[in-house]
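Descriptive analysis of the structure
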Amino acid sequence: MRMNTNMNMSINTNTNTNMNMSINTNTNMNTNMSMNMNTNTNTNMNMNTNTNILSFSKSEAVELNNLKKLSDAALIEGFKNLILREKRLGDLILLNLQEMNSRRIYAQLGYGSLFEFLVKYFHLSESSAYQRINAMKLIQSIPEARAALVSGETNLSTMAATQGFIRKLESEKKAVLSFQEKKDIFDTVKGKTQKEAQAAFVTLNPTAALPANKEKPLTANHTLLQVTVDQETLQLLQEVKSLLSHEIPDGDLSKILKKISKESVEILKNKKGRSKGSKIQTKHRSSKPCEIKKPSRYIPIETRRLVFQKAQGRCEFIGSDGKRCESHYQLEIDHKLAWSQGGSHDEANLSCLCKVHNTFRTKETHGYWWRDLDR
Ligand SMILES: [Zn+2]
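Treat the numbers as computed from the prediction; the structure is a model and nothing was measured. (Residues numbered from 1 in each chain as written. Predicted model: local features only at pLDDT ≥ 70, side-chain atom pairs only at ≥ 80, totals over all residues.)

What follows deals with the overall build of the protein. The number of helices and strands found in the protein is 13 helices and seven strands. Buried positions account for 22% of the 375 residues belonging to the protein. Relative to all contacts within the protein whose residues are 6 or more apart in sequence, the contacts with residues 24 or more apart total 55%. (Helix = DSSP H or I, 4+ residues; strand = E, 2+ residues; numbered from the N terminus. Buried ≥ 20, exposed ≤ 12 C-beta atoms within 10 Å, placed from the backbone. Contact = placed C-beta atoms within 7 Å.)

Right, here's the structure in full:
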């Protein structure tokens, strides 16, 4: 079945929310969906431009003042040297990043991810942070990639794209690729430009080579979302659209997304014990009242709810510089004194941590990180 669907919509609500969405289906299996979403949330995406990036050393200042006096050949030679220096600096940045990541410095300072650390602490652009992290991950899994980068056989953007492709393949296969499989992919694109590499990815696996999902802030209240969905998701979305056709007669996908998101939030909060009305799950209660209960790792849902409420649904980890993490992502309940070390389920012994910080804390309690944070 081949479909061509284009939709554009825009709404204003009394909660000052705007969403625009367009869907473009041009293959029989996959759909590109993009959406502009205006919300009240004032996400601070501005880069700090106060950094004095234009301060030069004395010799550099002299060099700059003499630029006009240089011959064309000298100017070209100087520019070539600058490019080489920039590349070396880029390689050094990547290797430093790898070391910082292995020490989990971002977690120690109260950041929920390396990406957040690069964007908020070092004020890198989101795309630059994403590219460097991807390239770093490729180097970690394929040591040959590091040598290829340093020798100039490959560049940062091709490496980042390769890592992105590998992750998509793994997500599609629901399995981690072997070292050899990753190396074969890298060898295929080594020496290619990002565009040439993209063409090679399409040949290797067209689905995994589809465009990545994107969130692009347009204004303080507008975000462009680009999502690639499969045929099943599209059909489900169309079914929802049909079921809501009385309530949302214009079939505005942005309104539909808002409605199903709101309803999902309530359902999930209740399921995870984060809403006031969360019901206590009976499956964990003993069916025999007289039976002596063994201590259980299961934290009663009422206690979980209180812990999440106290934390206001955000990670409570405080970094060594005093920064609170505040991540909403993958929240878990942590025992301050570990359960395995006799810690209780008392509210005072529990805190709400994101997955990164819950894992990070295990080094304090157990001496090692029990989960791989690089995945
Ligand atoms: Zn955290």
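Next, the rest of the story.
Where helix α2 (residues 72-102) meets helix α5 (residues 126-141), the closest approach of the two axes is 10 Å, and the angle between their N-to-C directions is 75°. One finds that α2 runs roughly perpendicular with respect to α5. Where α2 approaches α5, its residues Ile93, Leu94, Leu97, Gln98 and Asn101 are matched on the opposing element by Arg132, Ala135, Met136, Ile139 and Gln140. For the contact of α2 with α5, the class distribution of residues is six nonpolar, three polar and one charged. (Axes fitted to C-alpha atoms, helices over the stretch in contact; angles between N-to-C directions. Parallel < 35°, antiparallel > 145°, perpendicular 65-115°, else oblique. Nonpolar A, V, L, I, M, F, W, Y, C, P; charged D, E, K, R; others polar.)

To continue, consider the packing of α5 against helix α7 (residues 156-173). Contact pair α5 / α7: the axes reach a minimum separation of 8 Å and the direction vectors enclose 75°. The orientation of α5 relative to α7 falls into the category roughly perpendicular. Packed against α5, whose contacting residues are Gln131, Asn134, Ala135, Lys137 and Leu138, the element α7 presents Leu156, Ser157, Met159, Ala160, Thr162, Gln163 and Gly164 at the interface.

The subject of this paragraph is the confidence of the model for the protein. Across the protein, the average pLDDT comes to 80, with 77% of residues at or above 70. Per-element mean pLDDT across the protein ranges from 37 in strand β1 (residues 9-12) up to 96 in helix α4 (residues 114-121). Scored below 50 in pLDDT, residues 1-53 shows 94 contacts in the model against residues more than four places distant or in partner chains. Note that residues 280-287 has pLDDT below 50 and, in this model, six contacts with residues that lie over four places away or in other chains. (pLDDT = per-residue confidence, 0-100.)

Here α2 spans 45 Å end to end across 31 residues, near enough to the 45 Å set by a 1.5 Å rise per residue. Burial analysis of α2 places just two of its 31 residues in the buried class, a small minority of the element. Phi for arginine 104, located one or two positions after α2, is positive at around 55°. (Expected span 1.5 Å × (residues − 1).)

On any regular strand, side chains alternate: one points to one face of the sheet, the next to the other face. Within strand β7 (residues 350-354), five of the five residues are buried, which leaves the element mostly enclosed by the surrounding structure. Going residue by residue along β7, you find Leu350, Cys352 and Cys354 tucked away on one face and Ser351 and Leu353 tucked away on the opposite face as well. Here five bridges tie strand β6 (residues 331-335) to β7, and the two strands are oriented antiparallel to one another. Each residue of the ladder has a partner; that of isoleucine 333, found in β7, is cysteine 352. (Pairing = 2+ DSSP bridges.)

Okay, the nonpolar core next. Formed by 42 residues in total, the largest nonpolar core has its most connected members in Ala135, Ala145, Met159 and Cys315. Here this core takes seven residues from α7, the largest share from any one element. No fewer than three residues from each of domain 2 (70-204) and domain 3 (296-366) sit in this core. Excluding anything up to four places from it in sequence, cysteine 315 contacts Gly112, Cys325, Glu326, Ser327, Leu331, Cys352, Leu353, Cys354 and His357. (Core = buried A, V, L, I, M, F, W, Y, C linked by C-beta atoms within 7 Å. Domains from an automatic or database assignment.)

Glancing now at unusual backbone geometry. The phi dihedral of histidine 123 is positive, around 60°, even though this residue is not glycine. Checked against the element boundaries, histidine 123 lands in the loop between α4 and α5. Phi at glutamate 326 is positive, roughly 70°, even though this residue is not glycine. In this fold, glutamate 326 is placed in the loop between α12 (301-310) and β6.

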